[in-house]
Amino acid sequence: MTIFRYTPCALALASCSMAAWAEAPPVELETVVVVANKQRESVERTAASVSAADAGQIEDWQATTLQPVLRAMPNVELGGGQRADGLVPTIRGASGASITLLLDGARQNDLQSPAMKSPLYADPYFLRQVEVLRGAASALYGTGGNGGVLALTTLSARDLLTDGHSVGGGVRLGHASADGANRVNARVYGGNDRVDALLAVGRHSWGKIRQARGTYIDPNDGDADTGLLKLGVQPVSQARLELSHQFYNSDNLAPNNPQVGVYRKVTDTASIPYLQPTHIRQHNTVLKGHWEPEDPATGLQAEASVYRSELDSRLDAFGTDPRYQNAPIANRQRTVTTTDGAHFHLARAWGAHRLSVGGDHYRDALDSASGTATLAVNPVNPAGIREGTGLYGQAQWALAPRWTFTSIVRHDRFQARQQQGSVAARSASRLSPKATLAWASDDGWLLYGSYGEGFRAPAVNELYQRSTFGTFTWFLPNTDLRPEVDRTAELGAKFLRRDLWSAGDRLSVRAAVFDSRVRDLITSVNLGNIPGQTACAATGLGCRYQYQNMPHARRQGAEVELAYRQGLWQYQAGYGRVRVTDPDAGQNLFAPPDKLVFQVQRQWPAHNLSVSWNSTLVAAQDRDSTVLRRRNGYSLHDVFVSRTFADDRYRVDVGITNLFDKAWVAYQSGNAYANTFQEGRSFKVAFHATF
């Protein structure tokens, strides 16, 4: 069986000569991350499996969602179909409420339809960096950290202002042929040593999605407005206050389950999602303060924040449209999730040692209503509250010149309850430890071993959902759900060396292997046909579902990342493998297939020109015990060209994604019916002007 397929074009480009060129190579900057230990550190010297992408990579790939950015990272996915409304992140086979999502430090808790609808909307134009921490992370981040953490950080005026300038701005225009998407973004910013401000806005529209060989996902007619306002005040050199507000408002005509490619027509009698106008409103407001001592080696570092995140999803009634011959639906629905939270973190260094303490609290409120003429309580997602509080302590000890030991202990307590009804509240507490032993050499090696535990509290909808009407899907409650606990052991190695094979070159290698033992895995269980239906086993529709605890599960795998720069050439590659099993039943659970990615980039500074090639090679997923989720392997290849003009004030990007128009279906969702051919070849062009 062929696992990966290489094309002659990809191999030819990857093996191009690295002969010396007369042009000067670009300036190299180290990638700095915060997500692993809540402190700034080089990704190469972080004793954890961490990946990061910056604004430059997002622009190079003309990313309109986070999907291409995360797809380039081993054991990380953003899948669930081609629509933004259905994109759900996955880390090491864990998704939904089993991973922690942060936007400028604010939790984006997934309460509405875990693994079915997107819990996070972010305009890539606003982002400074995307960080992914793999593995159990509850010792620092609390509930939801079983698979890892996805942390997004937005830009500020200080990130964009160049030396000697106090104001600036930019405009970006983009178009993609596959869905007819048009994008307009603009931003203005300014500041001085004490005050700075950034205002960024966007307007995006899209249409039906062209699949390979000329078929379409239709309809998919929509538009979105986005915005970011960030204000910063620095009263003294050591302190900074920052207030930000971000919004994403979209309107789209699509199936009410955004992960599917079909909808119910007037002639259909089968259980198929209806076509409905969908309205998404996501707002995030964050106020944070930071204190950095004049001498980081001895002073106290402090950080605190308060935030509110709100996700409002609405489905409208829709009659039969002659263009689509869709079945009419009179039912309307609105679901609102609001998360209010706060956190603090204090750290003090004594020479090479470092001690930290911190804590956080969040309150999730789920409000849902549905009906025809008037809206009433929605039994599928009944209104409820979930609260969580955690405190942690962290100690980092330099045991010897090359050895470091880091330990973290955190205590969490959560409670969930319905806002109405007589069902008893559900509560539990958990102590989550993590320990890491690392050895660093003077010649670029870092070796580490870690053990950490994750804690994942049940969500309101998982406990209380109840829907026993209709023939599409029934949802049954389970108020006896227990928290999910993950115990992960990890071994890792990192290597960084400059001037290895030639003057000025740079090689970076990062690798990790892991073994996670999960107790009481919270998973959606298919209980079989709805009474009177017979198609559940064949289609995944017309079924009864209930969230249950699986006594034991196991995640095992590895990831490798490699980057090499020599002169004006840059090569990057990554490989990820994960297996998730139920050892008691001998079954293979949801686990993304093996993935190999590589990128090659060549720059011509004298011509202000850059050319990039990206390849993604995905193996067949033919192990899943849920046969309907199995998918064939595929390979995708993209090419991008960018050029700047007038001292880099203007930039033009052109690109082709899915260059060979491959017909492919992604295995990126736990839902068996998310079986839709993805986007075909797409021609992209963008223009960016700065002033």
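Residues numbered from 1 in each chain as written. Predicted model: local features only at pLDDT ≥ 70, side-chain atom pairs only at ≥ 80, totals over all residues. Heavy atoms only, no water.

A.B. asks: Quick one: what's the story with the overall build of the protein chain, residue by residue and with numbers?
C.D. replies: The secondary structure content of the protein chain amounts to seven helices and 37 strands. Here the C-alpha radius of gyration of the protein chain, 25 Å, is about what a compact globule of 691 residues would show, namely 26 Å. Summarising its shape, the C-alpha atoms of the protein chain cover approximately 70 × 55 × 55 Å along the three principal directions. A burial count over the protein chain gives 56% of its 691 residues as buried. Partitioning the intrachain contacts of the protein chain with sequence separation of at least 6 by distance along the chain shows that 67% fall at a separation of at least 24. Carbon and sulfur atoms form 57% of the exposed surface of the protein chain, whose accessible area is close to 28,100 Å². (Helix = DSSP H or I, 4+ residues; strand = E, 2+ residues; numbered from the N terminus. Rg over C-alpha atoms; globule rule 2.2 N^0.38 Å. Buried < 20%, exposed > 50% of the residue type's maximum accessible area, 1.4 Å probe, protein only. Contact = heavy atoms within 4.5 Å. Areas by Shrake-Rupley, 256 points an atom, 1.4 Å probe, with all protein chains shown as cover.)

A.B. asks: Account for the pattern of salt bridges, naming residues and giving values.
C.D. replies: Opposite charge on two side chains lets them pair, provided their charged atoms get close. Applying the stated rule across the entire model yields 43 salt bridges. E242 is the partner of K230 in a salt bridge, and the nearest nitrogen-oxygen pair spans 3.9 Å. Placement of the pair is K230 in strand β16 (residues 221–233) and E242 in strand β17 (residues 239–255), with a sequence separation of 12 residues. Across the salt bridge formed by R510 and E561, the nearest N and O atoms sit 3.2 Å from each other. (Salt bridge = Lys/Arg side-chain N within 4 Å of Asp/Glu carboxyl O.)

A.B. asks: Please give an account of the sheet that holds strand β6 (residues 94–95) that cites residues and values.
C.D. replies: One open sheet holds the three strands; their spatial order is β4-β5-β6, and the pairing between them is antiparallel. Sheet topology places β4 (76–79) and β6 at the edges, where each strand pairs with a single neighbour. Summarising the sheet, strand β5 (residues 88–91) and β6 pair through two bridges and their orientation is antiparallel. Bridge pairing in β6 links T90 to S95. (Pairing = 2+ DSSP bridges.)

A.B. asks: I'd like a rundown of the nonpolar core, residues and numbers included.
C.D. replies: Membership of the largest hydrophobic core comes to 25 residues, with the highest contact counts inside it found for L70, V130, L150 and L152. Judged by nonpolar contacts, the second largest core, of 16 residues, contains V35, V50, L133 and V149. (Core = buried A, V, L, I, M, F, W, Y, C linked by side-chain atoms within 4.5 Å.)

A.B. asks: Can you break down the sheet that holds strand β8 (residues 106–107) residue by residue, with the values?
C.D. replies: With mixed pairing, five strands are arranged side by side in an open sheet as β3-β9-β10-β7-β8. Only two strands of the sheet have a single neighbouring strand rather than two, namely β3 (50–54) and β8. Relative to strand β10 (residues 148–154), strand β9 (residues 127–134) runs antiparallel, the two being bridged by seven bridges. Looking across to β10, one finds that L127 is bridged to T154.

A.B. asks: Provide a residue-level description of the environment of R426, including the pertinent values.
C.D. replies: Position of R426 among the secondary structure elements: in strand β25 (residues 426–440). For the pair R426 and W569, spaced 143 residues apart in the sequence, the C-alpha separation amounts to 56 Å. Residue contacts for R426: discarding those within four places in its chain leaves F414, Q415, A416, L463, Y464, T479, D480, L481 and R482. Of the polar contacts made by the side chain of R426, one reaches the backbone oxygen of L481; its length is 2.9 Å. (Polar contact = N/O pair within 3.5 Å; in protein donor to acceptor, adjacent residues only side chain to side chain.)

A.B. asks: Can you explain unusual backbone geometry? Please cite residues and give values.
C.D. replies: With omega at 5°, the peptide bond leading from D218 into P219 counts as cis. Within the fold, P219 resides in the loop between β15 (216–217) and β16. Residue N75 is not a glycine yet carries a positive backbone phi of 60°. The topology assignment puts N75 in the loop between α3 (67–71) and β4.

A.B. asks: So what about the state of the cysteines? Which residues, and what values?
C.D. replies: Inspection of the entire model under this criterion finds one disulfide. Disulfide partner of C536: C543, at an S-S distance of 2.0 Å. Between C536 and C543, the S-S torsion sits near 115°, and that sign places the bridge as right-handed. Per residue, the accessibility class of C536 equals that of C543, and both read buried. (Disulfide = S-S within 2.5 Å.)

A.B. asks: Report on a nonpolar patch on the surface, specifying residues and quantitative values.
C.D. replies: Among the surface-exposed residues, V171, L173, V184, F645, Y650, V652, V654, V685 and F687 lie close enough to one another that they form a single nonpolar patch of about 650 Å² accessible area. Counting only elements with at least two residues in the nonpolar patch, the list comes to β11 (167–176), β36 (650–657) and β37 (682–690). If you tally residues by element for the nonpolar patch, the top one is β36, at three residues. By the secondary structure assignment, Y650 is in strand β36. (Patch = residues over 30% accessible without salt bridge, like charges linked within 9 Å, V, L, I, M, F, W, Y side chains within 5 Å.)

A.B. asks: Break down the packing of aromatic side chains for me, citing the residues and quoting the values.
C.D. replies: Under the counting rule described, the total for this entry stands at nine aromatic pairs. Seen from their ring centres, W445 and F495 are 4.8 Å apart, and the 50° between their planes marks the pair as tilted. With a gap of 50 residues between them, W445 in strand β26 (residues 445–456) and F495 in strand β28 (residues 484–498) connect regions that are remote in the sequence. We classify F495 as buried; its relative accessible area is 11%. Residues Y634 and W664 carry aromatic rings whose centres are separated by 4.9 Å and whose planes lie at 40° to one another, so their mutual orientation is tilted. Residue Y634 is located in strand β35 (residues 634–645), and its partner W664 is located in the loop between β36 and β37; the two are separated by 30 residues in the primary sequence. Judged by relative accessible area, which is 9%, Y634 ranks as buried. Over the ring of Y141 we find K38, and its NZ or CZ is 4.9 Å from the ring centre. Across from the ring centre of F514, 3.9 Å away, lies the NZ or CZ of R92, which sits over that ring. (Phe/Tyr/Trp six-rings, centres within 6.5 Å; stacked < 30°, edge-to-face > 60°. Lys NZ or Arg CZ within 6 Å of the ring centre and 35° of its normal.)

A.B. asks: Requested: an account of the confidence of the model for the protein chain, with residues and values cited.
C.D. replies: Scored by pLDDT, the protein chain has a mean of 90; 94% of the residues are at 70 or more. Confidence drops under pLDDT 50 across residues 1–24; counting only partners more than four residues distant or on other chains, this segment forms 50 contacts. (pLDDT = per-residue confidence, 0-100.)

A.B. asks: Got a sec to walk through the side chain of S309? Specific residues and values, please.
C.D. replies: Looking at the secondary structure, you find S309 in strand β19 (residues 300–315). Sequence-distant contacts of S309, defined by excluding residues within four places in its chain, comprise A106, R107, Q108, H283, N284, T337, T338 and T339.

A.B. asks: Can you lay out the environment of D515 for me, pointing to particular residues and giving the numbers?
C.D. replies: Within the element layout of this structure, D515 appears in strand β29 (residues 506–529). Taking the C-alpha atoms as reference points, D515 and L228, 287 residues apart in sequence, are found 40 Å from one another. Within the structure, the side chain of D515 is placed 2.6 Å from the side chain of R554, a separation counted as a polar contact.

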